[in-house]
Amino acid sequence: MLNIHLFGYLRLFTAGQALPFTTLPKTQPLFAYLLLHRHEAVARDSLAFLLWDDVPESEARANLRRHLHDLNKALPPAPGNTPWLLRSGTTIQWNPAAPFYLDVAEFEARCDVPHQLAEAVTLYTGDLLPNLYDDWLIPERERLQMRYINALLQLIDRERARGDLRQAQMVAQLLLNHDPLREDAVRQMMTLRYQLGDR
């Protein structure tokens, strides 16, 4: 099983051991794009132009081939006959049937189940790949930030409804740690502290 973490920064683990990921500069964005779009085959040309939009088409395609080779070298050997990448002449796809764990996928799955929100927020260990500045990544990062914030807001409401004000206060503090200028979180925290007797 290959464990892949994209929250905070890219980390790979197998059998509990961290794997180095020493690659060309654009291999990490390529890897991230394939993982985040793992349910679809991506046209090679579209991917090349997305990642190398400032060079001629032939150079962009050559760059993609070189970086796919680099990605293959950086990943551990695929188990059995299950490749990490599904390739055709015109498309490339991360194999969704390969034995891997992706923290982003687990986070989103748990966000969809109300009683698993507490587990979901523990998986969000930082924004999505904050060290990468590719234009295509920014909307994905912002979308996941909003899912995290919404999960925290739901948890605050749930703990208050249960009467567990201290737990609600802890969750509100997580929200403030993430976004100290968020006014609704400041109001929530003030109200909770008042209700707990901290006037």
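Above this text you will find the structure in question.
Residues numbered from 1 in each chain as written. Predicted model: local features only at pLDDT ≥ 70, side-chain atom pairs only at ≥ 80, totals over all residues. Heavy atoms only, no water.

Colleague: It is not clear to me how the nonpolar core should be interpreted in this structure. Could you clarify?
Modeller: Most often, soluble globular proteins keep nonpolar side chains buried together rather than apart. Formed by 58 residues in total, the largest nonpolar core has its most connected members in I4, L6, F31 and W94. It is helix α6 (residues 137-162) that contributes the most residues to this core, 9 residues altogether. Dropping the residues within four chain positions of it, L6 is found in contact with L35, L36, L102, D103, V104, D127, L128 and L129. (Core = buried A, V, L, I, M, F, W, Y, C linked by side-chain atoms within 4.5 Å. Buried < 20%, exposed > 50% of the residue type's maximum accessible area, 1.4 Å probe, protein only. Helix = DSSP H or I, 4+ residues; strand = E, 2+ residues; numbered from the N terminus. Contact = heavy atoms within 4.5 Å.)

Colleague: I tried to follow a negative patch on the surface on my own but got confused; where do I start?
Modeller: Taken together, the side chains of D53, D54, E59 and D135 present a region of like negative charge at the surface. Relative to the assigned elements, E59 resides in helix α3 (residues 57-74). Residue E59 is classed as partly exposed on the basis of its relative accessible area of 38%. (Patch = residues over 30% accessible without salt bridge, like charges linked within 9 Å, V, L, I, M, F, W, Y side chains within 5 Å. Areas by Shrake-Rupley, 256 points an atom, 1.4 Å probe, with all protein chains shown as cover. Salt bridge = Lys/Arg side-chain N within 4 Å of Asp/Glu carboxyl O. Lys, Arg positive; Asp, Glu negative; His and termini not counted. Charge placed at Lys NZ, Arg CZ, Asp CG, Glu CD.)

Colleague: Sorry if this is basic, but what is going on with the packing of aromatic side chains here?
Modeller: Aromatic ring pairs are defined here through the distance separating the ring centres and the angle between the ring planes. Going through the model one piece at a time under the given rule, you end up with 9 aromatic pairs. Ring centres of F21 and F31 lie 5.3 Å apart, and the angle between their planes is 25°; this geometry places the pair in the stacked category. Taken together, the positions of F21 in the loop between β3 (17-19) and α1 (27-36) and F31 in helix α1 put the pair 10 residues apart, joining distant regions of the chain. What makes F31 buried here is its relative accessible area of 0%. Taking the centre distance of 5.6 Å and the plane angle of 90° together, the rings of W94 and F100 count as edge-to-face. (Phe/Tyr/Trp six-rings, centres within 6.5 Å; stacked < 30°, edge-to-face > 60°.)

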